[in-house]
Amino acid sequence: MDSAQPPSGEWNNSFNTLMVSGGDRSRQPQDAGNETSFTNWKDLPMELLLRIISLVGDDRIVIVASGVCTGWCDTLGWGVANLSLSWCQAHMNDLVMSLAHKFTKLQVLSLRQIRAQLEDSGVEAVANNCHDLHELDLSRSFRLSDRSLYALAHGCPHLTRLNISGCSNFSDAALVFLSSQCNNLKCLNLCGCVRAASDRALQAIACNCGQLQSLNLGWCDSITDKGVTSLASGCPELRAVDLCGCVLITDESVVALANGCSHLRSLGLYYCQNITDRAMYSLAANSRVRSQGGSWDTTAKSGGKDRERDGLASLNISQCTALTPPAVQAVCDSFPALHTCSERHSLIISGCLSLTSVHCACALHPHRAGRVILSNHAY
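Let me begin by describing the structure that accompanies this report. Since this is a predicted model, take the numbers as computed values, not measurements. (Residues numbered from 1 in each chain as written. Predicted model: local features only at pLDDT ≥ 70, side-chain atom pairs only at ≥ 80, totals over all residues. Heavy atoms only, no water.)

Observations concerning unusual backbone geometry
Here is step 1 of the chain: Even without being a glycine, R140 presents a positive backbone phi close to 65 degrees.
Here is step 2 of the chain: On the basis of relative accessibility, which here comes to 34%, the residue R140 falls in the partly exposed class.
Here is step 3 of the chain: The phi angle at Y271 is positive, at roughly 65 degrees, despite the residue not being glycine.
Here is step 4 of the chain: Relative to the assigned elements, Y271 resides in the loop between β8 (266-268) and α12 (277-293). (Buried < 20%, exposed > 50% of the residue type's maximum accessible area, 1.4 Å probe, protein only. Helix = DSSP H or I, 4+ residues; strand = E, 2+ residues; numbered from the N terminus.)

What follows is the structure, encoded as structure tokens:
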């Protein structure tokens, strides 16, 4: 980006090629008074400019265009709601600080990095200018400190999706404060946030973010049943929970999720070696209770198809070596969307040699696999 300059010649050539004009040279003279023509690319109306930029589909062009003239800068600032700077390989922080005041109507911003570049000053610039932000990706921002979370809590209270995976410097105190201000969070990725994701933080999230639907706690190895059970109680809308590598949790966490989160579709328990058959039977039992209780009241009419759209569709129990085949088979039988067949591995049991005898219904009815793939695509 350091060498990128507004390509004035290219813009002029493109403008001339487009022949942007409201009239046609073949028109009769009497129509000339009604003709609207643009003699310079800087005269493009807002709607047309935004349309051209959207067709280009390259956020680097958006940034270059914002530096063409004041009119274009103002237009893009008001019209651009989605921006990604993840392509930036160097000096991302400087770029963010120079752009934040231009794109004040951003709703979606991706600052994902291959190598850490972003600093607290860049996030603070975003928080101070982009108050309508709904989705923010800060993954792999190893340089960020609690300053960034506090700034976001104050400046971006409308956040619904936040990815801070790999941000290992955040503390649980900052995450607690963020949850108290950003009550609309629906998707939160805390994978690898070993200091921030504590039982205390999870209790605050459960108390403040009742709309949460997706939570990734992968490799947050200080989490215990206390935090997870709080989540299950306070966030009944949870649909996806990743607890991979949370080595301290036991069956209590899974039982709480099975009882409290009726919409649960995806559960990751990779390397949770304290999980036993009790957790699996709890999942299976709740499947049957909901089916009988009316959550899946159309099951009988549809021949079970609705059950493939409800209940668990993804379960990772790799390296959960305490589990036995009958318990896992009970879960597989209870949730028709779980599969061990080659067409779709949604019940992941790698590393558990004792579970090789567990099979989904597709093993007995090969034609069923094709139907499942189609229905999953629609989902």
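Still more ground to cover, so stick around.
Re the packing of aromatic side chains
Here is step 1 of the chain: Scanning the entire structure with this criterion turns up 3 aromatic pairs.
Here is step 2 of the chain: Ring geometry for Y150 against F177: centres 5.4 Å apart, planes inclined by 50 degrees, an arrangement best described as tilted. Here F177 lies in helix α8 (residues 172-181) and Y150 lies in helix α7 (residues 146-155), a separation of 27 residues in the sequence.
Here is step 3 of the chain: Given the relative accessible area of 32%, Y150 is considered partly exposed.
Here is step 4 of the chain: A centroid spacing of 5.9 Å and a plane angle of 75 degrees characterise the contact between W219 and Y270, whose relative ring orientation is edge-to-face. On the criterion of sequence distance, the pair formed by W219 in the loop between β6 (214-216) and α10 (225-234) and Y270 in the loop between β8 and α12 is long-range, its members being 51 residues apart.
Here is step 5 of the chain: In textbook terms, an aromatic cluster arises when at least three aromatic residues are bridged by ring pairs, as seen for W219, Y270 and Y271. (Phe/Tyr/Trp six-rings, centres within 6.5 Å; stacked < 30°, edge-to-face > 60°.)

As for the side chain of S318
Here is step 1 of the chain: Relative to the helices and strands, S318 is located in the loop between β9 (314-316) and α15 (325-334).
Here is step 2 of the chain: A relative accessible area of 2% places S318 in the buried class.
Here is step 3 of the chain: If sequence neighbours within four positions are ignored, S318 has contacts with L269, Y270, Y271, I348, I349, S350 and C352. (Contact = heavy atoms within 4.5 Å.)

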